[in-house]
Amino acid sequence: PVVIDWETATVGDPQADVARTLLLLQMGWVYGSSWPLRRTIQAAARYMMAAYLRRYRRLRGADMARVRAWRLPVVVARLCEGITQEEPHLLRLAARLVSEN
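Residue positions are given per chain, counted from 1 along the sequence in the order it is written. Selection of residues for local features in this predicted model requires a pLDDT of at least 70, selection of side-chain atom pairs for listing and counting requires 80 or more, and totals for whole chains, interfaces and linings are taken over all residues. The basis for every side-chain value is the complete set of non-hydrogen atoms in the structure, without hydrogens or water.

S.K.: Report on the pattern of salt bridges, specifying residues and quantitative values.
M.R.: Any carboxyl oxygen of Asp or Glu within 4 Å of a side-chain nitrogen of Lys or Arg constitutes a salt bridge here. Under the definition given, this model contains six salt bridges. A salt bridge links Glu-81 to Arg-20, with the nearest nitrogen and oxygen atoms 3.1 Å apart. Here Glu-81, found in the loop between α3 (64-79) and α4 (87-100), pairs with Arg-20, found in helix α1 (residues 14-27); they are 61 residues apart in sequence, far enough to count as distant. Under the relative-accessibility criterion, Glu-81 is labelled partly exposed at 39%. Only protein chains enter the accessibility calculation, which uses a 1.4 Å probe; a residue is then buried when its area is under 20% of its type maximum, exposed when over 50%, and partly exposed in between. Judged by relative accessible area, which is 30%, Arg-20 ranks as partly exposed. Note that Arg-96 and Glu-100 form a salt bridge whose closest N and O atoms lie 3.2 Å from each other. Of this pair, Arg-96 and Glu-100 both sit in helix α4, separated by four residues, roughly a single helical turn. By relative accessible area, which is 52% here, Glu-100 ends up exposed. Salt bridges sharing partners connect three or more residues here, namely Arg-20, Arg-78, Glu-81 and Glu-86. Per the convention used, a helix needs a DSSP run of H or I reaching at least four residues, while a strand needs a run of E reaching at least two, with both numbered from the N terminus.

S.K.: Break down a nonpolar patch on the surface for me, citing the residues and quoting the values.
M.R.: Each patch groups residues whose relative accessible area exceeds 30% and which form no salt bridge, using 9 Å between like charges and 5 Å between nonpolar side chains of Val, Leu, Ile, Met, Phe, Trp and Tyr. Accessibility throughout is a Shrake-Rupley quantity obtained with a 1.4 Å probe, and a residue counts as covered only by protein chains that appear here. Where nonpolar side chains cluster on the molecular surface, the patch consists of Val-2, Ile-4 and Trp-6 and spans about 400 Å² of accessible area. If you trace the backbone, Val-2 turns up in the segment before α1.

S.K.: Kindly report on α1, identifying the contributing residues and their values.
M.R.: Taking 1.5 Å per residue, 14 residues should reach 20 Å; α1 reaches 20 Å between its end C-alpha atoms and fits that length. Those residues of α1 not exposed but buried are Gln-15, Ala-16, Val-18, Ala-19, Leu-22, Leu-23, Leu-25 and Met-27. On its buried face, α1 sits against α2 (35-60), α3 and α4. Think of a polar contact as two N or O atoms within 3.5 Å of one another; within protein, one of them needs to be a possible hydrogen donor and the other a possible acceptor, and neighboring residues in sequence only count if both atoms come from side chains. The N-terminus of α1 is capped by Asp-13, whose side-chain oxygen sits 2.9 Å from the backbone nitrogen of Gln-15. Multiplying 1.5 Å by the residue count of a helix minus one yields the expected span of that helix. Residue contacts are counted whenever heavy atoms from the two residues lie within 4.5 Å of one another.

S.K.: Tell me about the packing of α1 against α2, and please be specific about residues and values.
M.R.: Every axis corresponds to a line fitted to the C-alpha atoms, with the helix fit spanning only the stretch in contact, and the corresponding angles, defined between N-to-C directions, vary from 0 to 180 degrees. Where α1 meets α2, the closest approach of the two axes is 9 Å, and the angle between their N-to-C directions is 160°. In this view, α1 runs roughly antiparallel relative to α2, as classed from their interaxial angle. Crossing angle aside, the handedness with which α1 passes α2 is right-handed. Between α1 and α2, the contacting residues are Pro-14, Gln-15, Asp-17, Val-18, Thr-21, Leu-22, Leu-25 and Gln-26 on the first element and Ala-45, Met-48, Met-49, Tyr-52, Leu-53 and Tyr-56 on the second. The residue makeup of the contact of α1 with α2, split by class, is 10 nonpolar, three polar and one charged. Throughout this description, any angle smaller than 35 degrees is read as roughly parallel, any larger than 145 degrees as roughly antiparallel, any in the 65 to 115 degree range as roughly perpendicular, and the remainder as oblique. By definition, turning the near helix anticlockwise from the far helix through less than a right angle yields a left-handed crossing, and turning it clockwise yields a right-handed one. Side-chain classes are defined by residue name, with Ala, Val, Leu, Ile, Met, Phe, Trp, Tyr, Cys and Pro counting as nonpolar, Asp, Glu, Lys and Arg as charged, and the others, Gly among them, as polar.

S.K.: Before we move on, could you go through the nonpolar core and cite the residues and values that matter?
M.R.: Among the nonpolar cores identified, the biggest contains 16 residues, and Val-18, Leu-23, Val-67 and Val-75 are the most heavily contacted of them. Looking at this core, the elements with two or more residues in it are α1, α2, α3 and α4. Residues within four places of Val-18 in sequence aside, it is in contact with Tyr-52, Leu-53, Tyr-56 and Val-67. For this analysis, a nonpolar core means a set of buried residues of the types Ala, Val, Leu, Ile, Met, Phe, Trp, Tyr and Cys, connected via side-chain atoms within 4.5 Å.

The values are spatial; any link to function lies outside them.
So, in structure tokens, the structure goes:
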């Protein structure tokens, strides 16, 4: 079975989708209320990100340079979604990505 999100379906660089998926997995810890819960979510997210990338690379051959190039635009797009809990983390991440370039 495959789930397709037709509401936001579009034509574009698949590496942008990889960057967005990794960001969404990375952001999961923001919603954990207690320190132990946040740490558990972070560990699970790291595992899921690694598993996702392994599988994607095996099936599609992700171009990690292009995935990295998409990180900042994906973070800015996520900021525009107005999810208040994520904003501080996204702003720090955006600043870090800008300073790396």
